[in-house]
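Residue-level structural notes
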Amino acid sequence: MMNFYPKKHFYTSRLITKFPLFFLLFLTRSVLSQSSLHIHFVQTDAGAALSPEQTIEIQQIARSHALAVSIDQYKHPRIGKLSSIKYSDSIPFFSTEMRAIRDGFFNSSHRRTKLDYYVFVSSHFEDTLHTGFAIAGKHILFVSSAPTETFTARFASYFLQAASDQQGNNKRALDAFSEQLGTKDSIHTRHDSYFLFHDDTETMGSNNGMVAFAFWNENNNGTVDGNRLSLPFKRNAGKVNLDIDSYWLRPFYRTEHRFLAPIHVGLVFLVFFIMLIFRKKVNERAEKSLKLHSKLAFFFLRVVLWGIFFLIGYLVFLTSDQWYKKRFFNSSSYSQIGNLDTKQFIHHLTANNSVVNQQATHAYWETYVKRNNKWKMKRLKYVLYFEVRKSQGKVVSMNFLYDSDRLKIKSFQGKAQTHLIVYKVIDAQGRFVKEEVYNYAKVNITQKFAEPDPARRILVFVNGYRPVANGGTPEEAWMQIGNNGVEFPNSSNVLMASDRFDYWRPWGNFDQRIADRIKPNEVYYADGHHSVATSNHGSVFNFAKAAAEYPKACKDKHRCKFSKTTAGTKLETLKMLPFNANKQGFNLRRKNGRIAGRNLYQLLNEVPGNSGNDTLFVVAHSMGYAYSLGLIESMRDKCVFGEFYVFAPENAESGKIFQSEWNAVYQYGSIPKGSRKQAPCLQDGVAPQTKAKGLSAQNRLTFPASHYKKMGFTGSHFIGFYDWVFDIPQGEKGAIVQH
């Protein structure tokens, strides 16, 4: 049968040998053992095709190292109909455009093989540090064909990432990769990787987060060079530079929130040494002056002294830790890396192992200022104030003034709730002209502070576990989790303005149908995805085992009260499901949901206090229930609660709903126990259902009889099979309220 994609044939031309480093890509034993390496270039927009010279160059370099490379090109079936990939100076991420291009290619008649590499080539180019992106370990990469003179070098760099393992351990820029010349073992390529339909393990861009990053250059007189601030991204973690000269401040142990350095241990030991000398003196004085001959009296004295010593030691540790955080976390010098421009420095922050993330416990600005060819970091408060001098309508100079937790302008004064920038504009003679307030997206929001605050409806969708594959049926999708044992990382705790992971939209526009009922002013999507380890199953292996053993839905009369395990043991079918609550995993999801809630609060409060008359609506599924409870905790008393719709909650009994604070709360799912129980074979095995604490039994709804054929271990959990909720008449229990 003819391939759906017409191949382009190439003609021999001269060899360009500008980039000898490329041969390192093919030196590993696993590659050399293959007869041929297949690389498919897919043209995603007009003008993105490789030239004959470029393809010949790749083939000839590989052939000189005893490796045959088969290269072909395709035109994307939707070329010209998809949005172009836009690379930026911020951290590259697996964008919606990339995902649409990749899925549009593989969802057609093209069959992907495990060993082949796929390169999606675009023609878009800007003066940017990043002109490509690779999905680590998946043999899939995206790259711009322009500029042509650097294409091979850029392709080699991103190829390394595509050939690396899941953690991206080969993520090396080409300039840094030269250090690995001759080190054959430094390239750990994998050629047994598998294709995941939804591969969203990569970081993503976001306009919300606890930490707002800002970069600028300062001249010797303190003015901002070029009068330009770079605001590339927000995150929920700040950056910590471990490459410091001071031995006493360099941490030797670190966790998510704690860094320990020799200064901590040294000061505590010094204090204990002094206290031991003091203890000896106290014992001598007590024996002479107090004449304490009783063993009980001496024992009591020792206990009191040791108690005091430990208290003093702990206070010394806390004091030194507070000083350490101010000295090490709140400011840092990057003088060791030399004179890098802004793009190169951002790349250093995101790609160098000497810079690590530190989870933020509160919101702040993380500013990076280059002065005298040296970069320095300083963490600042919510609002940054700048003095801007203008002449004839043009900016002449800009100076940073100070930071504050309060927003103070002529039309408003109050505590800020999100990251803001205030420009105090003066004329050429230094006379005050006006004040302007900008948000992190560089949008002038000054007028908002003089306008009335409209009441808004805010709708938040909170998804649950995101399987690594999306099969044609729920059973196929969930079983693939057990087959390959791979999971996406836990949620990054940011909110998105669209269904970023295609969790709701593919199933009959599920989210849109709810939005059509509620008619919100703003819609956000929160990611409640966490590892199966946080569920009642406890591990992917346990889940796969339960899915394999649990009986399928009975076709006629139910005979599923008892079942046999694979070991041949007969037991009650319901006992095969994990009803024991994993409270630790539930609380972890709820805790991370609070971070998303704080980010939502920032989004709604560019003008401080604006969310007070907003009404929040939440739709949660599966693991998203615990996550949504954390989000709700962060928003409690900060807005009005409208309606809360919970679908197939995982481990619902570990959380609590305060039903009185909502206009309506409903839980939907199968019912395994009680007067309304359904047959064991119809139960949700992905997330065995229990009633949420605080919710009345009347507000718990289950599948109608017309949907029984869709129920089962995975079917009762699959969000696409809950379309029956839209058939519930208005005014009845469980109806999605029409506004």
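Please read these numbers as outputs of a predicted model, since none were measured by experiment.

Within the chain, the regular secondary structure consists of 13 helices and 29 strands. Of the contacts made within the chain by residues no fewer than 6 positions apart, 72% connect residues no fewer than 24 positions apart. Entry remark: accessible area of the chain is about 34,800 Å², with carbon and sulfur atoms responsible for 53%.

A few words on the environment of Arg-389. Tracing the backbone shows Arg-389 in strand E15 (residues 383–391). Along the chain, Arg-389 and Ala-428 lie 39 residues apart, while their C-alpha atoms are 6.4 Å from each other. Filtering out sequence-adjacent residues up to four positions away, Arg-389 remains in contact with Lys-394, Val-395, Val-396, Ser-397, Ile-426, Asp-427, Ala-428, Gln-429 and Gly-430. Here the side chain of Arg-389 touches Ala-428 through a polar contact of 3.0 Å, landing on its backbone oxygen.

An order of E7-E6-E13-E14-E11 is seen for the five strands of this open sheet, with the pairing classed as mixed. Two strands lie at the open edges of the sheet, namely strand E7 (234–235) and strand E11 (331–333), each paired on one side alone. Relative to the sheet, helix H8 (residues 342–351) contacts strand E6 (211–217), strand E13 (364–371) and strand E14 (374–380), its axis offset from that of E6 by approximately 145 degrees.

By secondary structure assignment, the location of Gln-602 is in helix H12 (residues 583–604). Taking C-alpha positions, Gln-602 is 8.8 Å from Met-210, a pair spaced 392 residues apart along the chain. Leaving out residues up to four positions away in the same chain, Gln-602 has contacts with Gly-209, Met-210, Lys-234, Ala-363, Gln-417, Thr-418 and His-419.

Turning next to the side chain of Lys-239. Relative to the assigned elements, Lys-239 resides in strand E8 (residues 237–241). For the buried Lys-239, no salt bridge exists, and the shortest N-O distance to an oppositely charged side chain is 7.4 Å, to Glu-366. Only 2.8 Å separates the side chain of Lys-239 from the side chain of Asn-357, close enough to count as a polar contact. In contact with Lys-239, other than residues within four places in its own chain, are Phe-213, Leu-349, Val-355, Val-356, Asn-357, Glu-366, Tyr-368, Met-377 and Arg-379.

Before going further, it helps to examine the pattern of salt bridges. This structure, assessed with the given rule, holds 18 salt bridges. Here Glu-218 ties to Arg-371 by a salt bridge, and the two come within 3.6 Å at their closest N and O atoms. Of this pair, Glu-218 sits in the loop between E6 and E7 while Arg-371 sits in strand E13, placing them 153 residues apart in sequence. For Arg-371, a relative accessible area of 34% puts it in the partly exposed group.

Relative to the helices and strands, Thr-367 is located in strand E13. Among the polar contacts made by the side chain of Thr-367, one reaches the main-chain carbonyl oxygen of Lys-378 at a distance of 2.7 Å. Setting aside residues up to four positions removed in sequence, Thr-367 forms contacts with Ala-214, Trp-216, Lys-376, Met-377, Lys-378, Leu-380 and Leu-384.

Counted by the stated rule, this structure contains 54 aromatic pairs. A centroid spacing of 6.1 Å and a plane angle of 55 degrees characterise the contact between Phe-386 and Tyr-423, whose relative ring orientation is tilted. Taken as a pair, Phe-386 in strand E15 and Tyr-423 in strand E19 (residues 420–426) lie far apart in primary sequence, 37 residues in all. Between Phe-647 and Tyr-668, the ring centres sit 4.6 Å apart and the planes meet at 15 degrees, which makes this aromatic pair stacked. With Phe-647 in strand E27 (residues 640–647) and Tyr-668 in strand E28 (residues 664–668), the pair connects residues that are 21 residues apart, well separated along the chain. For the pair Phe-647 and Tyr-668, one class covers both residues: buried. Across the ring face of Tyr-601, the terminal group of Lys-638 is positioned such that the distance to the ring centre comes to 5.6 Å. The ring of Phe-579 carries the charged tip of Lys-673 above its face, separated from the ring centre by 4.6 Å.

What follows covers the sheet that holds E15. Strand order in the open sheet made by the four strands is E16-E15-E19-E20, with mixed pairing throughout. Two strands bound the open sheet, and with one partner strand each, they are strand E16 (394–404) and strand E20 (432–438). In this sheet, adjacent strand axes meet at a mean angle of 20 degrees when their direction is disregarded. Looking at chain direction, E19 and E20 are connected through six bridges and run antiparallel. Looking at E20, one finds that Val-422 is bridged to Val-437.

Turning next to unusual backbone geometry. Here the bond from Ala-146 into Pro-147 is cis, since omega is -5 degrees, no more than 30 degrees from zero. Within the secondary structure, Pro-147 sits in the loop between strand E5 (140–144) and helix H4 (151–162). Phi at Asp-502 is positive, roughly 50 degrees, even though this residue is not glycine. Position of Asp-502 among the secondary structure elements: in the loop between strand E22 (495–496) and helix H10 (510–518).

Now for the pairing of strand E17 (residues 406–409). In E17, alternate side chains face the same way, and those of Leu-407 and Ile-409 are buried while those of Arg-406 and Lys-408 on the opposite face are not. By the bridge criterion, four bridges tie E17 to strand E18 (residues 412–415) in an arrangement that is antiparallel. Its bridge partner lying in E18, Leu-407 is registered against Gly-414. Linking E17 back to E18 in an antiparallel pair, the connection comprises two residues.

About the criteria used
Residues numbered from 1 in each chain as written. Predicted model: local features only at pLDDT ≥ 70, side-chain atom pairs only at ≥ 80, totals over all residues. Heavy atoms only, no water. Helix = DSSP H or I, 4+ residues; strand = E, 2+ residues; numbered from the N terminus. Contact = heavy atoms within 4.5 Å. Areas by Shrake-Rupley, 256 points an atom, 1.4 Å probe, with all protein chains shown as cover. Polar contact = N/O pair within 3.5 Å; in protein donor to acceptor, adjacent residues only side chain to side chain. Pairing = 2+ DSSP bridges. Axes fitted to C-alpha atoms, helices over the stretch in contact; angles between N-to-C directions. Buried < 20%, exposed > 50% of the residue type's maximum accessible area, 1.4 Å probe, protein only. Lys, Arg positive; Asp, Glu negative; His and termini not counted. Salt bridge = Lys/Arg side-chain N within 4 Å of Asp/Glu carboxyl O. Phe/Tyr/Trp six-rings, centres within 6.5 Å; stacked < 30°, edge-to-face > 60°. Lys NZ or Arg CZ within 6 Å of the ring centre and 35° of its normal.

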